[in-house]
Structure formats: structure tokens, C-alpha cells
Amino acid sequence: MEAQINGLQRKIISSSVRPLTIGHGDSGIPLRNGRTLPFVVARSWSAPAGHYDEAWYLVEPTTREVLFEGSNREVRVWGLQSWTEFSDTVTEAIPLKAGAYLIIFALGGSQGGQMTVAAADVKQSAA
């Protein structure tokens, strides 16, 4: 029997977006005064072993406009048999309204996954 392998075999196994500050919640993008507060984007890739350009994008879902481009760097992926994990902390105050957005993940110029993330205002007292 032959293995039927189609596609690029690059996919996100797990992903999360969470505030950097615990007091701002355990998921999503925290906002204050129409700007993002620091947040973390984490993801695990499964892909053939090798070196790739890896990036993620914050996207407005209805228009598909890229609102923010996360890290774009060359990474080493361990291979299909194990997950390779990456995370980025975004400290830049990005102008953003409360609502639902997409995070799109790319490896080697190909989309490997996406997730929906909520951006919401946090209380002033949360430190």
C-alpha cells in the first residue's frame, strides 16, 4: 500500500493569544483607549524538518486586511514527528477596536493555520 501524501504538510497543531499581564485575563488581546496592551502569540508547528520563514498576521476577518504583521524570521522546524513551538510578545500599542479578529500563521510563505481571537477592553485597575 502506498502512502497518499498531498499538500505541503505544514500545519498549526495548537495556538493561543493571551495578555502578557495575568490581571488582564487568560486569553485574547487586551485593549485600553483603543490600543493594544502587551500580549503573547504562541503556536506549535508540525512540518517537514528544515529552515523556513515563519510569520503571523493580525487580520480583520471581513475585509482580510492585515492590521499588524508579527515577527517574520527564519526558524528551524524539528520535523513532522514532533511539534516546534514559537511565541512572540507584542509590546507595541497597536490601534485596534474591540471585536473578533483572525491570527493567520504562515510557514515558508504558505498558510498553515488560523485562529479567531477577541480583542476587549480591560479595566483600568488591572495592573
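Up top is the structure these notes are about.
In short, a report on the structure. (Residues numbered from 1 in each chain as written. Predicted model: local features only at pLDDT ≥ 70, side-chain atom pairs only at ≥ 80, totals over all residues. Heavy atoms only, no water.)

## Regarding the pairing of strand E5 (residues 50–59)
On a regular strand, each side chain points to the face opposite its neighbour's, so the side chains alternate between the two faces of the sheet.
Then comes step 1: Where E5 lies against strand E6 (residues 66–77), nine bridges are found, and the strand directions are antiparallel. Opposite Val59, over in E6, you have Val66 as the bridge partner.
Then comes step 2: Linking two consecutive strands that pair antiparallel, namely E5 and E6, is a turn of six residues; a positive phi of about 65 degrees is found at Arg64 within it.
Then comes step 3: When E5 meets strand E8 (residues 99–107), the two strands line up antiparallel, connected through six bridges. Bridge pairing links Glu54 to Leu107 in E8. (Pairing = 2+ DSSP bridges. Helix = DSSP H or I, 4+ residues; strand = E, 2+ residues; numbered from the N terminus.)

## What about the sheet that holds E5?
Then comes step 1: Taken together, six strands build an open sheet; the order of strands is E3-E2-E9-E8-E5-E6 and the sheet is mixed. Every other strand in the sheet has two partners, leaving strand E3 (35–36) and E6 as the edge strands with one partner each.
Then comes step 2: Bridge count between strand E2 (residues 29–32) and strand E9 (residues 110–121): three bridges; the pairing is parallel. Bridge assignment links Pro30 to a residue of E9, and that residue is Ala120.

## Here we look at the sheet that holds strand E4 (residues 39–46)
Across a sheet, strands are paired by hydrogen bonds formed along the backbone, either parallel or antiparallel in direction.
Then comes step 1: What the three strands build is an open sheet, ordered E1-E4-E7; its pairing is antiparallel. Single-partner strands in this sheet number two, and they are strand E1 (11–19) and strand E7 (84–90). Across this sheet, the average inter-strand angle for adjacent strands is 15 degrees, counted without regard to direction.
Then comes step 2: In the sheet, E4 pairs with E7 via seven bridges, with the strands oriented antiparallel. Bridged to Ala42 within E7 is Ser87. (Axes fitted to C-alpha atoms, helices over the stretch in contact; angles between N-to-C directions.)

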